[in-house]
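Residue-level structural notes
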Amino acid sequence: VQLVESGGGLVQPGGSLTLSCASSGILFSRYHMGWYRQAPRKQRELVARIRSGGSTSYLDDVKDRFTISRDNAKTTVYLQMDSLQPEDTAVYYCNAVNHLNGDDSWGQGTQVTVSS
């Protein structure tokens, strides 16, 4: 299983970024996909999840600003992040959970820094 994130970077407050997570080695359509983040000296937290059936859920702090989506044909999950704030600064990780047996995998992470 391989999950490769991309799209992180430095952005000013109020700006936008789109993260991508390309997967290989899994039957993508059977997996719940999620984005987590971990800021310095904080625990990793679930930001958004999209289940194999397409339903989504979000951390309250990002609910009106972030959108998770998936393209099963491209075996890729996305996180569109708008109205970014300094508190969104973190390493963002892609996660895949097999909805049949619970096996999960992680990407290596991509840094998102929101600063003026």
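Preceding this paragraph is the structure being described.
Here's a quick rundown of the structure. (Residues numbered from 1 in each chain as written. Predicted model: local features only at pLDDT ≥ 70, side-chain atom pairs only at ≥ 80, totals over all residues. Heavy atoms only, no water.)

A count of helices and strands for the protein chain gives zero helices and eleven strands. Traced from its N-terminal end to its C-terminal end, the protein chain shows the element sequence β-β-β-β-β-β-β-β-β-β-β. What you see for the protein chain is a C-alpha radius of gyration of 13 Å, in line with the 13 Å of a compact globule of 116 residues. Considering only C-alpha atoms, the protein chain reaches an extent of 40 × 25 × 25 Å along its principal axes. (Helix = DSSP H or I, 4+ residues; strand = E, 2+ residues; numbered from the N terminus. Rg over C-alpha atoms; globule rule 2.2 N^0.38 Å.)

So, about the state of the cysteines. Such a bond, covalent and formed between the sulfur atoms of two cysteines, is termed a disulfide. In the structure shown here, the tally under the stated rule is one disulfide. Note on cysteine connectivity: C21 is disulfide-linked to C94, with sulfurs 2.1 Å apart. On the S-S bond that ties C21 to C94, the torsion sits near -80°, and the link is left-handed. Of this pair, C21 sits in strand β3 (residues 17-24) while C94 sits in strand β9 (residues 90-98); the two residues are 73 residues apart in sequence, bridging distant segments of the chain. As far as burial versus exposure is concerned, C21 and C94 are alike and both buried. (Disulfide = S-S within 2.5 Å. Buried < 20%, exposed > 50% of the residue type's maximum accessible area, 1.4 Å probe, protein only.)

As summarised here, the arrangement of the four strands in space is β1-β3-β8-β7, forming an open sheet in which the pairing is antiparallel. Each of the sheet's edge strands pairs with one partner strand only, and the pair in question is β1 (2-6) and β7 (66-71). Strand-to-strand twist across the sheet, computed as the mean angle between neighbouring axes with direction ignored, equals 15°. The pairing of β3 with strand β8 (residues 76-81) spans six bridges and is antiparallel. Across the sheet, L17 pairs through a bridge with M81, a residue of β8. (Pairing = 2+ DSSP bridges. Axes fitted to C-alpha atoms, helices over the stretch in contact; angles between N-to-C directions.)

Next up on the list: the pairing of β7. Taking every second residue as pointing to the same face, the buried face of β7 carries F66, I68 and R70, while none of T67, S69 and D71 on the other face is buried. With six bridges joining them, β7 and β8 adopt antiparallel strand pairing. Directly across from D71, in β8, lies its bridge partner T76. Linking two consecutive strands that pair antiparallel, namely β7 and β8, is a turn of four residues; a positive phi of about 45° is found at T75 within it.

On to the environment of Y36. Inspection of the secondary structure puts Y36 in strand β4 (residues 31-38). Using a relative accessible area of 15% as the deciding quantity, one classes Y36 as buried. Sequence spacing of Y36 and V91 is 55 residues, and the spatial spacing of their C-alpha atoms is 8.3 Å. Those residues within four positions of Y36 in sequence are excluded, and the remaining contacts are R44, E45, L46, V47, R49, V91, Y92, Y93, N95 and W106. (Contact = heavy atoms within 4.5 Å.)

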